[in-house]
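# Inside the fold
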Amino acid sequence: MMRDGWPVLATIHHPITVDRELDLAQAEGWQRRLTLRRWYGFVGMQARVARQVQRIVTVSESSRRDIADQLGVASRAHDGRPGRGRTARSSGQCPAPSGCRAGS
C-alpha cells in the first residue's frame, strides 16, 4: 500500500522488546531462555516495520517513549488535546510522490 502511495497508519501498543526483556529476566534455565529467544524472534521485524510506516499511534506517553527508544522511531509528542491520539511518528508529508489523495 505504501508503495502505491496510500498513507499508512500503524498501531503499536508497546514495543515487544519490553515483554522479551521481562520474560528473559524471569526465565529459569538455559532451555527456557532459548525457547523465549526463539519465540521473540520477530522483534527485529517489529522494529523494521515501525521505522518504515509514516505514522504510528500508541496508547500512552510511556509507550511512545519506548517505541522511540527501543524501535528507533522518530518521536513527536502528543499535544494533550482529548481525542487526538498519541503519535510516535509523523513525517508531516504525504507518502505519495504526487501528494495526498483527497480525504487522506
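Before reading on, note that the structure itself is shown above.
Sequence order sets the numbering: in each chain, residues are counted from 1 along the sequence as written. pLDDT decides what is reported in this predicted model: residues at 70 or higher carry local features, side-chain atom pairs at 80 or more are listed and counted, and totals for whole chains, interfaces and linings draw on all residues regardless. Excluding hydrogens and water, the side-chain values take into account all heavy atoms of the structure.

### Here we look at the overall build of the protein
A run of H or I in DSSP becomes a helix once it reaches four residues, and a run of E becomes a strand once it reaches two; helices and strands are each numbered from the N terminus. A tally of helices and strands in the protein yields 4 helices and 3 strands. When a residue's accessible area, from a 1.4 Å probe over protein chains only, is under 20% of the maximum for its type it is buried; when over 50% it is exposed; and in between it is partly exposed. Within the span of the protein, comprising 104 residues, buried residues form 30% of the whole. Using a 1.4 Å probe, the Shrake-Rupley method yields the accessible areas, and only the shown protein chains count as cover for residues. Summing over all exposed atoms, the protein offers an accessible surface of approximately 7,200 Å²; the carbon and sulfur share of this is 50%.

### With respect to helix α3 (residues 43-52)
Every buried residue belonging to α3 is among Val43, Gln46, Ala47 and Ala50, and all of these are buried. Projected onto a plane normal to the axis of α3, the buried residues spread over an arc of 95° and lie on a single side. Here, the arc refers to the directions that run from the helix axis to the C-beta atoms.

### Some details on the pairing of strand β2 (residues 55-58)
Of the two faces of β2, the one holding Ile56 and Thr58 is buried and the one holding Arg55 and Val57 is not buried anywhere. Across 3 bridges, the pairing between strand β1 (residues 9-11) and β2 is parallel. Across the sheet, leucine 9 pairs through a bridge with arginine 55, a residue of β2. Should DSSP find at least two bridges between two strands, the strands are taken to pair.

### So, the packing of aromatic side chains
By convention, a stacked pair of Phe, Tyr or Trp rings (six-membered ring in the case of Trp) has centres within 6.5 Å and planes under 30 degrees apart, an edge-to-face pair has planes over 60 apart, and any other such pair is tilted. Enumeration over the complete set of coordinates arrives at 2 aromatic pairs. Aromatic side chains tryptophan 39 and phenylalanine 42 sit 6.3 Å apart centroid to centroid with 85° between the ring planes, which places their arrangement in the edge-to-face category. For tryptophan 39, a relative accessible area of 56% gives the class exposed. Take phenylalanine 42: its relative accessible area is 32%, and that puts it in the partly exposed class. Ring centres 6.3 Å apart and planes at 40° place the aromatic pair tyrosine 40 and phenylalanine 42 in the tilted group. Given a relative accessible area of 7%, tyrosine 40 falls into the buried group.

### With respect to the nonpolar core
In this structure, Val8, Ala10, Ile12, Ala47, Ala50, Val53, Ile56, Ile67, Leu71 and Val73 together form the largest nonpolar core, which totals 10 residues. Listed by contribution, the elements that provide at least two residues to this core are α3 and α4 (61-71). We call two residues in contact when some of their heavy atoms are within 4.5 Å. Beyond its immediate sequence surroundings of up to four residues, leucine 71 is in contact with Ile12, Pro15, Gln46, Ala47, Ala50, Arg51 and Asp66. Within the second largest apolar cluster, 6 residues are counted, among which are Leu24, Ala27, Leu36 and Val43. Buried Ala, Val, Leu, Ile, Met, Phe, Trp, Tyr and Cys residues that are joined via side-chain atoms within 4.5 Å together make up what is termed a nonpolar core.

### A look at the environment of alanine 10
Here alanine 10 shows up in strand β1. Setting aside residues up to four positions removed in sequence, alanine 10 forms contacts with Val53, Arg55, Ile56 and Val57.

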